[in-house]
Amino acid sequence: MNNSIIRISIWVYLAIFFIYLLGPLVIMSITAFNSPSFPRATPWECLTFEWFSALFQDERILNGIKNSILVGIGTIILSVSMGLAGALMLTQIWPKLRATYYTIIIAPILIPGVVLGISTLVFWDRINRMLGLGADSFLSNGLFLTIIGQSTFIASYCMLVLVARLQRYDLALTEAALDLGATHAQAFRKILLPFMRPALASAAVLAFLASFENYNTTTFTFGEYPTLTIELAQKVRYGITPAISALAFMIVVLTVFAALFNEANIKRKEVIAKARKEGATVGDVTSGVKLPGFFTGNAAAITLVVFAVATIAVIGTATVYSPKQCIANVQEQKRLETQKRIQELRDQRKRDAEAAGQAGGATGAAKPSNNSGFGGVFAPGTLQGGDQGTAPADDAGSSNNSGFGGVFAPNNINGADN
Amino acid sequence: MSAGVGVDLENLWIRFGDFVAVRDANVHIKGGDFFSFLGPSGCGKTTILRAVSGFLEPSEGNVLIGGNNMKGIGPNKRPTALIFQNLALFPLMKVWENISFSMEIAGASAKERRKRADELLDMIALSDQGDKLPSELSGGQRQRVAIARALCAEPDVLLLDEPLSALDLKLRQHMRTELREIQKRVGITFIYITHDQGEALTMSDDIAVMRAGVIDQIGDGKTIYNDPATAFAASFVGENNVFRGKVLEVNGNEALIRTNRSGDLRSRISTANLGKLAVGDDAMMFIRPEALDLAPTGTKGENFVTAQVTHEEFEGNTFNIFMEGDGGKEIKVAIPNHGQSFDDHTGQAMTLEYEVDNAVAVPAGELAAE
């Protein structure tokens, strides 16, 4: 009995853990397909793909993605090579100096990104001036500065990844290569680099992801090359749209794809290795249902294919499906609702005025009911027939029953400006 | 094949900071020989090997290969190939790629490399294993691949750093024979490092016995075993019983030694110490367990030893009797098993006899740790 309680609590804990971990991603993904112009999952109005097309028509986002990829590639090249050099140095340095060296090389990870960003900017500006170059020189180029600035600490991450692999390297292998006539360069290229390849790949992925999501450092160095994170941050300042959810959804899908693909590949290699050991060909391993070799005992591969089929189905639907009718219906419904509410409000005011006339001065006693979480403080209509300037906003405001009372909806801003 | 290239070490000193790893080594290795450095771990034998292969520059002195001074020549330019203790096969390369690595470096085409690798695989009896990874082979197979890889570079001198130490006993004994055969077939100089005197004795033309950076004795297996130059060589190579004492008189190549426990015993003086061992010197006398024989109890003489039996054991091919010896050491006697009946003598006094020629006296010195 005690045992089952423990088991249940473990499951509950797991559920909570995964909800905490994945919940926001799921909600965000749903909002990408909902038609309201403020990203939200409920109430569900209409299935729409317009946010994806909105995303691909947004020049700034596309430009940000392009810059992010450029910076990412530059950072991979610079960080991985610096990380490898640092890792090699760490394994070969005089043992007494090793701890000190390690601390120094790890320090950039501990320094706040903001500091790194500012100091990169200042440092290269100095150098630029010392060399007597103008403001448009290569050294003050945003792409260059961002890559250099990000690499200052991403190289340390790469080094940690590479050191772990390098510690398992047997120096005798290099010596054996030298002994067999190889030069140091040949030994490095033919023996050490192939050995390091898996770690180099991990370091490259890590470097790209760290570069892609970096904001703190980049915000000082981007110059004329705003990366995606910079663009997003600037966009959010003016109100968030589901187009950003659409982008997030795509990133999530790509990540899941990559992860599944990688997993499937690893599984496939295991299956082949196992088959080799048992002296059988891959095809022989399956019994009963004849699956292609790739799928044998490979849950990841099967998930991957299901996932791919689902994606193709969604894209296919998107090209055919048109949410126009649904949106029109919803708008019609909203319009009716709004009219009804305006009517109600008018009635209410009338009643209030009558009550005020009767009760004399007991004004605030009976506030009009409002279904917003903030008790209608944002609904301009409730301001006791306030000034006429806000009246046009009434329409949009009252149709929005979200917790933020529509502050993020761009229409509201327009309305307020009137 | 190569006619055999000699290796000379001239006044070789190797220091690491204050620590002297090799002290004034002078060795002449004849071309085409199987030469072993034998010594306990930490005696500097691997250091010598690294100096010959070029991974280490000597602090003083020279390494000559085929008469050419190797000073300043890197390991990749020397006509040597080293077989590492852990073999150091390239884990990501297939067996044939491993073997032909030196040709890849030299720029040979894949076809040539494959052809040469297959020849070598035939030689080491692994003909159809070329496409496996080293991790898919057994210990003995890996061993042979390492040898093939070294031979593929066509070295003049093959250096082996305790290559058999990771193998189990049966395989080790098998590989001894195999190594010796390969060496005879290719006819190049082998320099072999080991702490196993059995390996050194069975395979080598010549052996150098090393102790703490110093070469104690160089000679062929029989000389080292029968005519040790120092107390260390006598006690490290094979089993030996030690009797400590002072030289009482010297007659030609024989000496009479007053031992601490066993009375006056007569012994041959080892060749290297003829004329050096004088009356009154501290000396050590060594008799091998198999050179001792049982004698009627109580017999007295200059080649009889009487002592208490502490314990006995049956080893299969021999009965071993252990008796109270000198300085905490036991006297071991090995009696060959001919199927005779054997009584328990524990606690009794027994008398042993030996032939004077089978006992050897050297100046007192450090013994090998057991």
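What counts, and at which threshold
Residues numbered from 1 in each chain as written. Chains lettered and ligands numbered in written order. Predicted model: local features only at pLDDT ≥ 70, side-chain atom pairs only at ≥ 80, totals over all residues. Domains from an automatic or database assignment. Contact = placed C-beta atoms within 7 Å. Helix = DSSP H or I, 4+ residues; strand = E, 2+ residues; numbered from the N terminus. Nonpolar A, V, L, I, M, F, W, Y, C, P; charged D, E, K, R; others polar. Pairing = 2+ DSSP bridges. Axes fitted to C-alpha atoms, helices over the stretch in contact; angles between N-to-C directions. Buried ≥ 20, exposed ≤ 12 C-beta atoms within 10 Å, placed from the backbone.

Overview of the domain arrangement of chain B
- Along its sequence, chain B is organised into domain 1 (7–226) and domain 2 (239–363).
- The C-alpha-based centres of domain 1 of chain B and domain 2 of chain B are spaced at 38 Å.

Some details on the interface of chain B and chain A
- If you look at the interface, chain B gives 16 residues, while chain A gives 16 residues.
- Elements represented by at least two residues in the side of chain B that touches chain A include exactly strand 6 (80–83) and helix 3 (101–106) of chain B.
- The element best represented in the side of chain B that touches chain A is helix 3 of chain B, accounting for four residues.
- Here the residues of the side of chain B that touches chain A are counted per class, giving twelve nonpolar, four polar and no charged.

Considerations on the sheet that holds strand 10 (residues 214–219) of chain B
Residue and element names in this part refer to chain B.
- With mixed pairing, six strands are arranged side by side in an open sheet as 6-7-8-3-9-10. Looking at strand neighbours, the two that pair on one side only are strand 6 and strand 10, the edges of this open sheet. With strand direction ignored, the average angle separating the axes of adjacent strands in the sheet is 15°.
- As paired elements, strand 3 (residues 34–38) and strand 8 (residues 189–194) share five bridges and run parallel to each other. What sits directly across from phenylalanine 34, in strand 8, is phenylalanine 190.

Quick word on the environment of methionine 350 of chain B
Residues and elements named next belong to chain B.
- The residue methionine 350 is located in strand 19 (residues 349–353) in this model.
- Look at methionine 350 and you get partly exposed, because 19 C-beta atoms sit within 10 Å.
- Taking the C-alpha atoms as reference points, methionine 350 and arginine 142, 208 residues apart in sequence, are found 51 Å from one another.
- The residues contacting methionine 350, other than those within four sequence positions of it, are Leu294, Thr297, Ala307, Val309, Met323 and His345.

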